[in-house]
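Observations on the model geometry
Each chain, letter by letter, is given below.
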Amino acid sequence: QVQVAESGGGLVQPGGSLSLSCVASRSISEMYYMGWFRQAPGKQRELVASVLSGGSTYYANSAKGRFTLSRDNTKNTIYLQMNNLQSEDTAVYYCNFKKRGPPGSINDYWGQGTQVTVSS
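My aim in this report is to walk through the structure given alongside it, one point at a time. For clarity, every value in this text was computed on a predicted model and none was experimentally measured. Residue numbers here run from 1 along each chain, matching the order of that chain's written sequence. Where totals are concerned, whole chains, interfaces and linings use all residues; where local detail is concerned, this predicted model gives features only for residues with pLDDT of at least 70, and gives and counts side-chain atom pairs only at 80 or more. The side-chain numbers reported here are obtained from all heavy atoms of the structure, hydrogens and water having been left aside.

Let's talk about the pairing of strand β8 (residues 77-82)
Across six bridges, the pairing between strand β3 (residues 18-24) and β8 is antiparallel. If you follow V23 over to β8, its bridge partner there is T77. At least two bridges found by DSSP between two strands is the condition for calling them paired. Helix and strand assignments follow DSSP, with helices taken as H or I runs no shorter than four residues and strands as E runs no shorter than two, numbered in order from the N terminus. As judged from the six bridges shared by strand β7 (residues 67-72) and β8, these two strands associate in the antiparallel manner. Bridging from a neighbouring strand, R71 pairs with I78 of β8. Linking β7 to β8, which pair antiparallel, is a turn of four residues; within it N76 sits at a positive phi near 50°.

Considerations on the pattern of salt bridges
The term salt bridge refers to a pairing of a side-chain nitrogen on Lys or Arg with a carboxyl oxygen on Asp or Glu at a separation within 4 Å. For the coordinates displayed, the defined rule picks out five salt bridges. Here D89 and R66 are joined by a salt bridge, their closest N and O atoms 2.7 Å apart. Highlighted residues: D89 in the loop between β8 and β9 (91-100) and R66 in the loop between β6 (57-59) and β7, separated in sequence by 23 residues. Burial here depends on accessible area, computed with a 1.4 Å probe over protein chains only, as a share of the maximum for the residue type. Under 20% is buried, over 50% is exposed, and the range in between is partly exposed. Taking relative accessible area as the criterion, D89 reaches 0% and is therefore assigned buried. A salt bridge links K98 to D108, with the shortest nitrogen-to-oxygen separation between them at 2.9 Å. Within this pair, whereas K98 is found in strand β9, its partner D108 is found in strand β10 (residues 106-110), the two being separated by ten residues in sequence. On the accessibility criterion, D108 (39% relative accessible area) is partly exposed. One salt-bridge network, in which partners are shared between bridges, spans R38, E46, R66 and D89.

If you want it as structure tokens, here you go:
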């Protein structure tokens, strides 16, 4: 089992920045997928940004140019730097790791989430 913990959320004014962190209890070098999702009240959880073990990244259109996902394998941590935050970015942010298991299976690990509120 892998424990996952996000941190760094909070209240920020429109146009401000936040940096989220997500640490895993095992080496993230074992993960083939690492991502950040978010869920706003009354909405479905959506993918914000992700990276594959080979380095390929994906950003949702809403995140392009404003958010940056990075990782530090030595700290088993991924980050989400969020700039120019807007009210529509208000949500609970979750990180997700996926690890291949026995053939045909994937282990899916989620954190508890961290609240990001953008408001003046």
